[in-house]
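The primary structure of each chain is shown beneath.
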Amino acid sequence: MSIRTRFAPSPTGYLHVGGARTALFSWLYARKHGGKFILRIEDTDLERSSQESVNAILEGMTWLGLEYDEGPFYQTHRFDRYKEVIQQLLDQGDAYYCYCGREELDALREQQMAAKEKPRYNGKCRHGATGDGERVVRFKNPEHGEVVIDDLVKGRIVVANKELDDLIIARSDGTPTYNLTVVVDDMDMGVSHVIRGDDHVNNTPRQINILKALGAQLPVYAHVPMILGSDGARLSKRHGAVSVMQYRNDGFLPEALLNYLVRLGWSHGDRELFSLDEMIQLFELEKVNVSASTFNTEKLLWLNHQYIMNGDPAHVAHHLSWHLGERGIDPTSGPALLEVVKAQRERCKTLVDMAEESLYFYRDFEAYDEKAVKKNFKAGVDDILQHLWSRFDAVETWEAETLHQVVLDSAEQLQLNLGKVAQPLRVAVCGCGVSPAIDVTLRLLGKERTLDRIARAINFIKNN
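Just so you know, these numbers come straight off a predicted model, no measurement behind them.

S.K.: Which residues make up the side chain of Asp198, and what are the values?
M.R.: Along the chain, Asp198 turns up in the loop between β9 (193–197) and α6 (204–213). Here Lys154 takes part through its side chain, which lies 3.5 Å from a polar atom of the side chain of Asp198. If we ignore the near neighbours within four places in the chain, the residues touching Asp198 are Lys154, His223, Val224, Pro225 and Met226.

Written as structure tokens, this is what we have:
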């Protein structure tokens with residue numbers, strides 16, 4: 001069998017983490033089996049769909065690196081094909097026109113609920129009703145037998161056809177409904193495996209019956225469980241950042257988010273860290289958990305820190321560059337980003353942390369941290385800084401080892417412990433009390449910036 005999976009979001013919002021995980025699982029399955037991964041935009045909800053949402057989905061897929069082999073296909077471009085299939089079902093006797101109005105259907109629903117019956121269409125127009133008002137097209141669901149789904153995640157699911165009513169496949173304005181379009185698309189695109197959220201389980205028996213009526217080959221289904229927030233409710237906006245691009249904005253690396261998402265419902269022993277190649281090699285749908293998973297931001301932060309610390313510094317620098325740009329920084333106005341990453345990666349859990357804590361390498365700070373000043377800029381510190389300025393001014397080779405020796409020698413000459421020299425120096429050149437090792441910090445700042453900032457600090461202390 002030729003493996004073909006698809007990701008089919010509706011462009012009614014951003015790409016959220018639940019959708020991203022579904023896309024990832026579909027992408028991994030196709031990559032593992034040498035198949036094709038298709039992107040389909042299900043934009044038939046004309047009132048809620050927007051180009052802005054389409055762009056957000058495409059941007060999210062690109063940032064995550066989930067490249068698609070075919071598409072994006074847009075359902076709004078395929079209306080003629082859907083009409084053709086609806087007519088085919090009508091001609092075959094597998095669909096019919098229904099003239100029941102909204103008021104009549106609402107009354108039927110209320111009557112059924114009052115009798116504690118399952119609300120469903122009663123098939124009034126099933127056997128050839130006529131009328132001159134608005135009409136919809138309904139699929140004539142089989143009345144006998146059952147639908148068997150051998151779900152790769154949930155196992156065998158059996159649904160009796162008598163439990164399913166005749167669903168609408170074309171609205172009164174002629175536009176097709178979701179359950180019709182998805183069937184036609186999966187059939188026409190040769191989708192072999194439908195991997196999607198388990199909120200679609202109830203749609204699957206109906207879709208299978210339409211596929212059978214069209215004589216199509218049935219895909220294999222895998223319904224993955226939903227993602228919950230920490231309170232046990234379905235993950236939503238109120239749980240914080242659920243947009244994929246929000247995680248980019250918050251300083252996460254795409255591979256850290258992918259690693260987290262693949263572990264959200266799937267495992268391979270006790271391992272936590274997987275490269276993309278390892279995910280492709282090891283991922284199996286049959287090992288996806290049946291139960292829902294809980295999103296844990298602390299775990300994602302831990303993973304992100306692992307990727308920042310252990311990932312290729314050039315790759316981390318590439319993503320850091322975007323964050324500096326968002327803060328109005330031109331990365332060419334200071335030290336090489338690669339060196340900044342190496343200096344900061346042990347301390348920073350996110351790229352936002354790294355960007356914020358590296359601003360002083362690229363532009364002068366407006367003010368000193370008040371607590372750092374109170375603790376380190378005490379009487380006599382201007383003399384220590386003046387001594388350091390003279391020593392640094394004489395340095396010809398601006399390397400960490402040389403700079404470290406200057407600080408050590410100065411402490412010895414001034415008969416002070418190292419902290420009494422290095423910490424005021426740090427506040428002078430960074431504006432705060434925290435930075436990488438002082439020799440590394442000075443090397444990255446460069447001689448000119450270092451001397452200018454020490455001189456500025458001396459003036460500050462004298463005038464305050």
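S.K.: Can you break down the sheet that holds strand β4 (residues 95–98) residue by residue, with the values?
M.R.: Consider a sheet: its strands pair through backbone hydrogen bonds, and that pairing is either parallel or antiparallel. Taken together, the 3 strands give an open sheet; going across it, the order is β4-β5-β8, and neighbouring strands pair in antiparallel fashion. Each of the sheet's edge strands pairs with one partner strand only, and the pair in question is β4 and β8 (168–170). Each adjacent strand pair in this sheet contributes to an overall mean axis angle of 45°, direction not counted. Both strand β5 (residues 136–139) and β8 contribute to a ladder of 2 bridges, which runs antiparallel. Across the sheet, the residue bridging to Arg138 is Ile168, located in β8.

S.K.: Can you lay out the pairing of strand β2 (residues 36–41) for me, pointing to particular residues and giving the numbers?
M.R.: Burial within β2 is extensive, with 5 of its 6 residues counted as buried. Tracing the backbone out of strand β1 (residues 4–7), into helix α1 (residues 17–32) and back to the parallel element β2 gives a crossover that is right-handed. Pairing of β2 with strand β3 (residues 70–74) involves 3 bridges; the strand directions are parallel. Within β3, the position partnered with Arg40 by the bridge is Phe73. Following the chain from β2 across helix α2 (residues 51–64) to the adjacent parallel β3, one finds a crossover that is right-handed.

Rules used throughout
Think of each chain on its own: its residues are numbered from 1, step by step along the sequence as written. Totals for whole chains, interfaces and linings use every residue, but because this is a predicted model, local features are given only for residues with pLDDT of at least 70 and side-chain atom pairs only at 80 or more, for both listing and counting. Note that the side-chain values use all heavy atoms of the structure and ignore hydrogens as well as water. Counting from the N terminus, the helices are DSSP H or I runs at least four residues long and the strands are E runs at least two residues long. Nitrogen and oxygen atoms within 3.5 Å of one another constitute a polar contact, given that in protein one can donate a hydrogen and the other can accept it, and given that sequence-neighbouring residues count only through two side-chain atoms. Here, two residues are considered to be in contact whenever any of their heavy atoms come within 4.5 Å of each other. Two strands are counted as paired when DSSP detects at least two bridges linking them. The axes are straight lines fitted to the C-alpha atoms, using for helices just the contacting stretch, and the angles between their N-to-C directions are given from 0 to 180°. Only protein chains enter the calculation, and the probe is 1.4 Å; a residue is then buried if its accessible area is under 20% of its type maximum, exposed if over 50%, and partly exposed in between. With the strands pointing away from the viewer, any crossover whose connection runs clockwise from the first strand over the helix to the second is right-handed.

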